[in-house]
Structures are given as structure tokens and as C-alpha cells.
Number of protein chains: 4
Amino acid sequence: MKYPDEALFNYVVEGLEKRGVTKVEVGKLAYRMQHRFFPELTVEDFGEQLPKILKKREVLNILATGFALDDLASAKKLPEPLQTIIENDLGNYGVDENLAISIAQLFGSISVTNYGFGDISKAGVVKKLDTDPETNRVNTFADDLIGSLASADMSRLAHGKPLDLSGWEHKIK
Amino acid sequence: MKYPDEALFNYVVEGLEKRGVTKVEVGKLAYRMQHRFFPELTVEDFGEQLPKILKKREVLNILATGFALDDLASAKKLPEPLQTIIENDLGNYGVDENLAISIAQLFGSISVTNYGFGDISKAGVVKKLDTDPETNRVNTFADDLIGSLASADMSRLAHGKPLDLSGWEHKIK
Amino acid sequence: MKYPDEALFNYVVEGLEKRGVTKVEVGKLAYRMQHRFFPELTVEDFGEQLPKILKKREVLNILATGFALDDLASAKKLPEPLQTIIENDLGNYGVDENLAISIAQLFGSISVTNYGFGDISKAGVVKKLDTDPETNRVNTFADDLIGSLASADMSRLAHGKPLDLSGWEHKIK
Amino acid sequence: MKYPDEALFNYVVEGLEKRGVTKVEVGKLAYRMQHRFFPELTVEDFGEQLPKILKKREVLNILATGFALDDLASAKKLPEPLQTIIENDLGNYGVDENLAISIAQLFGSISVTNYGFGDISKAGVVKKLDTDPETNRVNTFADDLIGSLASADMSRLAHGKPLDLSGWEHKIK
């Protein structure tokens, strides 16, 4: 059975949009943490990384799973006690952070460290998702996962650019 | 809000029982992989570790989340394309393995390595969960998670016994 | 060949002592981050967790490896370009963070998140190790590893206390 | 201070060569594990992935650190008890596996699982590195790290190919 890449991509992109997560918002989160180290990079530069991050199937799989769990909790469709735990974002749960860290690890240890900092010093769209009283939407997974997208973004652009091996590749036997 | 530890524990214990996962079955998986290194340890010795593993709230949180996702998939209650992916245990998903690895990591790198070996060379109750044609139950998460319990088990008993610091603890300033 | 547990423990304890890392200093780091959530816990309460963390052989193995790499760099005994990278704590290295995250993961995802926050908002003995101009000692690994001890400490005491299964253990088949 | 990318790359490439690790050898390891799933892929196809893996600075950093530790152990330059532990590849060490898993995690959870399987069912150049009696070279880190390169390789080619977003990228807001 062929993997449903396009349906998965669409599900994730719609999930991002309905939570107000755009290239600019992710770019702002990354810019906020990296501007002092990379003053030449703009919010737009960071934002433009998002599609490159969403090309990874593993990122899409994790985002889709987290969004589905949040949506099921919003609709009160989870079994107890998970319904209570996720609906109230109880601090001892940690599976939201497990999944966010799994995304960050795809981009290296610096991404994991940045994720941890961003998760605790919540800002921008992550803070809004964490605290928004206007909707009844559960964002227990979404806020952590968007934070990990921002940490992936800054790793891709700032620290983790792959080497250009064009002059060196022949040295590999 | 107090964390619902007892309800969480009961949910996980019932989830294990209805999948046929007992101390003896987990002990057999661990014994199978470690007997050649630790010939003095019995299946029962390994099985007796299971309660010690289930004392960790993080283990319970992950098991509960995976069991809930499997049960929702069995009941066809997940949004597409996750329903198709999880129901058919498609090979490119990997979130089941992310969660299983998150359990194994609590018990160290040797546990992660053993998890990987056990997951690919499926045996015992893991193999049964992976392939059982008799039920319509989805076990996409369960087989990986039980495999990680077995790897945690062997790590606890065989490789990772903590040191006895009773004569040394005073050296820590 | 028997594993040299006592020699390993002594090597790590001496490594902590010569870097000024004590129960009180680790306790202060953990207290600083967790006091607002757990106001009843004291610096001493957090400090008393350190021996429990150092009972794990995997923690000792990682600490010993990091301390040895720092000491070899201080003595200019590493091959190039590792000598330059570690001696100058270059930001793109990341192996120091890999090892610190490996410690944090033994204590759960909340520990990893707290490690990331603490690593970027350096304080206390971690800040001193990171910036101390008085010695010529390289602390590229030590500052990250001590940060991960603090995150392990807060996880153990604040979030991750294992369940007391005494009344429930019989439910596990 | 500029990161010494070229010196780092050269150090790693020389380290691979002197251990007999070539594109073909890594390709054989990956082929051995994936041939039954992807019969159309050749050893050469897998081997050609190696340069793409070595473009990641994080991979180079970890390989260089592991090779340096092995070489220092071969030259008996490590402090005790690390010298004894690494020289004899003692089974309770695990830092070699921590670093190998850190590489595998850059390529997703399926890569971590495959690493674990490959590490225990040692084959090809990994087996040779693990057991070669002809040299006095310590390969405690090298065998695990080469195993993780093979798992990265199979993930890149077989499971983890990124999506082609050319027709879809405009959907990302």
C-alpha cells in the first residue's frame, strides 16, 4: 500500500493554518532566539525554511499525530484518563514533549537544546496556543510541536547548514 | 489538578492484559535475548522487573497514549490519513517507534539498541501482536511498545543495575 | 572482566569536586528553575538528589567521558581539529550537548526540556564553568553535563517521582 | 572563529579509510538489511548515499570524537578507568552507543531501530572492526558509529526520502 504522502501533507498544512501557524510566525520564533547570533538573517529568511522542514515525512507523521490527539481531546473523544490529562495539559504528561523532541532530534542536538529553551520561555504563536482563552481548542501537543518546528528552523539556517562537498567528495573512498 | 496516577495505572494494566502481555511474556522476550550473557537469570527473574518499569509515570503516559491510538484505530475513529496509516501499520509511519524509543531511552543506550534488535527480529508476544489474524485489533503501537518494555526489562536486570553507593556516598561533596 | 565501578565513581566525584560542583551548587540550579512550581522544596532537598543520580552507571560513564575530553583538551592532547574545536567551545560542535541530552533522557522528556532551557539561560556554577577566565581549564563538556545533572535533579524530585505501587502491584498479571 | 569544516572532513575521511570503511562496505551493510524490502536497490545505490550523510556537520563531529577516543585508547593515552573500559570494549559502557544513536536520530526513528538490529547482529565491516585480532587498534566507538552510518544510509534511501513538494509548497501559508 502506497504511503498517503499528499493526504498527510494536506492534513498537516490545514492543521497549521487553523492554529494560525504560518511561515512568518515560525520565522518570528526562530528570529527571536537567533537574531543576536546571526544579525544578518531576517524573519523572512527563517520563515522560508518551513517548507524544507515539512518535506521530511517523519516531521509530517509526528505533527499529524499530535494534531489528531489535540482535536480528539477538543471533541472529548479520548478514553479516560487521557482525556483529562490532555484536555488540561497536565504538567506530568510529557508525551507532547517526547514527540516535539523527536522532531528536534532530526535537526541535531543544538535543535533539541533550543527547543527546550523555547518551550519554557514561551513566546509568539507558541504562547498564544498555550494560553488562548478565546477558543475551546486543546493545544497540548500543538504548542510543543510548533516550538520544535521553530528550533528545527533555526538549526537548519543558523547552525546546521550542511557542508558543500563539491570539491571534497572525491576523497570519500 | 492532581495527576490521575491510579486511573492511568489501571488503564495501562488493563491494556496490557487485553493484549495478552504478562510478566511471564515480557520475561520470555528479555530472557530470549539475554540468556547467553546471563545464564543464571530465569524467565521469572526478568518477569519480576515489569512492576518496577511500570512505576515510572513516563512509561505509563507513553503506553496509555499508544494503546489509545491503537484502540481508536480499531474503532475507526481517527482522522484520515492517520486512520489508514495506523490501521495498516504502514512502514513509513515511525511514530510508534518514536514512542517506543522514548521508553527505551529512560533505561539507557543499551536498552535502545536492544529495542532495535528485538523490533526487527520479532518474537513471542510481540510477533503475535504484530501478526495475529484472529482479532481485528490494531496493534501498531502495542507491538513496538511491548518490545521496548522487554528492552527496559533486560537493561534493568542485566546491564543497568544501579551502583550500591552505601560505602561511597560520603565522597560526594 | 568486572566493570570498574568504584574507580569510575571516584574519577567522576573527583572531576566534580575540582570543577566546584557540589550537591549545593546542583541544588541551587534546580531550585532556581523549579521554586515557582514547588515552593515547598529547598535547595537542600534538590541537592540531596545528586547521589541518587550518580548511582546510575550510564550517568557516570557519560560524565567520565566528558571530563576526560575536557582534561585532554586542557592538556592539548587531542588530535586536530578536535583540539581547536573543544578548546574554544565552538558553537557548531554539539557533541557536548549530545552527551548532556543522553543523561537528561534517562530522566524523561521534561528533563530534556529543562536541560535546554538551563543550557541557554546559563546560571550559577554552569555559568561559572562556561566563562571562568581565572583558570585555563577547558569546560566545554563540563558545563553542559552539569546542566543535565541539574535537569535530572529537578525531574527526579519535582516531576518524575515514581508511583508507589504497593497497593496496586498485584493488578499486574 | 570559523568552524574548521575542511579539516574536520579530512580527519573523518582519513579515519574511515584507515578502518577500511568505504562506500561499498557501508553499502553492503545497508543492502544486507534492506534487500528483501527494496529488491531493486543495489549495493552501489546504497553506497552512493555515504557522501550525503557526511555532509552533515553533526555526523562529522560525532565520528571525529569517536575516532579520537579510539585512537587515544589505542595509544594508551586515556585516564583510568576509561582506558581500561574503552580498550576492552566493556559491555556496560554504552557511550559508544549513545553517540551512534545520536547519528541515527538525525535520520529518524526507523534509522534508530535499524541501528539497534545491526549493532547486535554484527556483520561485514562492523563485525571485522569488532573482532579483528590482526591489529592492536581499538574500535570500541568505530564499530557502533559505522553501524549507525549504515542505518542512516538505509533510512535515506529506503524509508526516509523527503517528499517532493514542488506542486504543493504553495499550500504552506
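Residues numbered from 1 in each chain as written. Chains lettered and ligands numbered in written order. Predicted model: local features only at pLDDT ≥ 70, side-chain atom pairs only at ≥ 80, totals over all residues. Heavy atoms only, no water.

Caption draft 1: Representation of the overall build of chain A. When its secondary structure is counted, chain A shows 10 helices and zero strands. The helix and strand sequence of chain A, counted from the amino end, reads α-α-α-α-α-α-α-α-α-α. Taken over the C-alpha atoms alone, chain A extends approximately 60 × 45 × 25 Å along its principal axes. Here chain A holds 173 residues, and the buried ones make up 63% of them. Total accessible area on chain A is roughly 6500 Å²; 50% of this is exposed by carbon and sulfur atoms. Each charge sign in chain A was given a centre, from 21 positive and 26 negative side chains, and these centres are 5 Å apart. (Helix = DSSP H or I, 4+ residues; strand = E, 2+ residues; numbered from the N terminus. Buried < 20%, exposed > 50% of the residue type's maximum accessible area, 1.4 Å probe, protein only. Areas by Shrake-Rupley, 256 points an atom, 1.4 Å probe, with all protein chains shown as cover. Lys, Arg positive; Asp, Glu negative; His and termini not counted. Charge placed at Lys NZ, Arg CZ, Asp CG, Glu CD.)

Caption draft 2: The relation of the copies chain D and chain A, seen in detail. Mapping chain D onto chain A calls for a screw motion: a turn of 180° about the axis and a shift of 0.0 Å along it, with 0.0 Å RMSD after fitting. Both copies are brought into coincidence by an operation consistent with a two-fold rotation axis. Looking at the rotation axis and the C-alpha trace of chain D, the residue lying nearest is D:Leu106, at 2.0 Å. Looking at chain D, 100% of its interface residues are interface residues in chain A too, so the copies touch through the same face. (Least-squares fit on C-alpha atoms with pLDDT ≥ 70 in both. Contact = heavy atoms within 4.5 Å.)

Caption draft 3: How the structure looks around the pattern of salt bridges. Residues and elements named next belong to chain D. The full count for this structure, using the stated rule, is 32 salt bridges over all chains. In this structure, the salt-bridge partner of lysine 28 is glutamate 25, at a minimum N-O distance of 3.4 Å. Of this pair, lysine 28 and glutamate 25 both sit in helix H2 (residues 23–34), separated by three residues, roughly a single helical turn. The partly exposed category is assigned to lysine 28, whose relative accessible area is 42%. (Salt bridge = Lys/Arg side-chain N within 4 Å of Asp/Glu carboxyl O.)

Caption draft 4: Geometry of the side chain of C:Asn61. Among the structural elements, C:Asn61 can be located in helix H5 (residues 57–74). On the basis of relative accessible area, C:Asn61 is assigned to the buried category, the value being 1%.

Caption draft 5: View of the nonpolar core. Residues A:Ile146, B:Ile146, C:Ile146 and D:Ile146 are the most contacted members of the largest nonpolar core, which totals 252 residues. Beyond its immediate stretch of four places on either side in the chain, C:Ile146 contacts C:Leu16, C:Val21, C:Leu29, C:Phe67, C:Val125, C:Val126 and C:Leu129. (Core = buried A, V, L, I, M, F, W, Y, C linked by side-chain atoms within 4.5 Å.)

Caption draft 6: How the structure looks around the interface of chain D and chain A. Counting residues at the interface gives 32 residues for chain D, matched by 32 residues for chain A. Taken together, both faces of the contact between chain D and chain A bury some 3100 Å²; the carbon and sulfur share is 62%. Linking chain D with chain A are two salt bridges, by the criterion used here. Of the charged contacts in the structure, one is a salt bridge between A:Glu6 and D:Lys171, with a shortest N-O distance of 3.9 Å. Our count for the contact surface shared by chain D and chain A stands at nine residue pairs in polar contact (both at pLDDT 80 or more). Sort the elements by how many residues they give to the side of chain D that touches chain A and helix H1 (residues 5–18) of chain D lands first, with six residues. Residues that form the side of chain D that touches chain A fall into these classes: 13 nonpolar, seven polar and 12 charged. (Buried area = accessible area lost by both parts, 1.4 Å probe. Polar contact = N/O pair within 3.5 Å; in protein donor to acceptor, adjacent residues only side chain to side chain. Nonpolar A, V, L, I, M, F, W, Y, C, P; charged D, E, K, R; others polar.)

Caption draft 7: View of the packing of aromatic side chains. Scanning all chains against the criterion turns up 10 aromatic pairs over all chains. Aromatic pair B:Phe117 and D:Phe117: ring centres 5.3 Å apart, planes at 10°, arrangement stacked. With B:Phe117 in helix H8 (residues 109–120) and D:Phe117 in helix H8 (residues 109–120), this pair bridges two chains. Geometrically, the ring pair formed by C:Tyr93 and C:Phe141 is edge-to-face, given 6.0 Å between the ring centres and 85° between the ring planes. Taken together, the positions of C:Tyr93 in the loop between helix H6 (82–87) and helix H7 (95–105) and C:Phe141 in helix H10 (residues 140–159) put the pair 48 residues apart, joining distant regions of the chain. (Phe/Tyr/Trp six-rings, centres within 6.5 Å; stacked < 30°, edge-to-face > 60°.)

Caption draft 8: Inspection of the packing of helix H1 (residues 5–18) of chain C against H5(C) at higher detail. Residue and element names in this part refer to chain C. One way to put it is that H1 packs onto H5 with a least axis distance of 9 Å and a crossing angle of 55°. For the element pair H1 / H5, the angle class is oblique. Classified by chirality, the crossing of H5 by H1 is left-handed. Of H5, the residues touching H1 (which contributes Asp5, Leu8, Phe9, Tyr11, Val12, Gly15, Leu16 and Lys18) are Arg57, Leu60, Asn61, Leu63, Ala64, Phe67, Ala68 and Asp71. (Axes fitted to C-alpha atoms, helices over the stretch in contact; angles between N-to-C directions. Parallel < 35°, antiparallel > 145°, perpendicular 65-115°, else oblique. Left-handed = near helix turned anticlockwise from the far one by under 90°.)

Caption draft 9: Fine view of the side chain of C:Arg19. Residue and element names in this part refer to chain C. By secondary structure assignment, the location of arginine 19 is in the loop between H1 and helix H2 (23–34). Within the structure, arginine 19 has its side chain in polar contact with the side chain of aspartate 71 (distance 3.0 Å). If we skip the residues at most four places from it in the chain, arginine 19 touches Phe67, Asp70, Asp71, Val125, Leu129, Arg137, Asn139 and Ala142.

Caption draft 10: Looking closely at the relation of the copies chain B and chain A. Aligned on chain A, chain B shows an RMSD of 0.0 Å; the corresponding rotation is 180° and the shift along the axis is 0.0 Å. A share of 100% of the interface residues of chain B reappears at the interface of chain A, consistent with the copies meeting face to face through the same patch.

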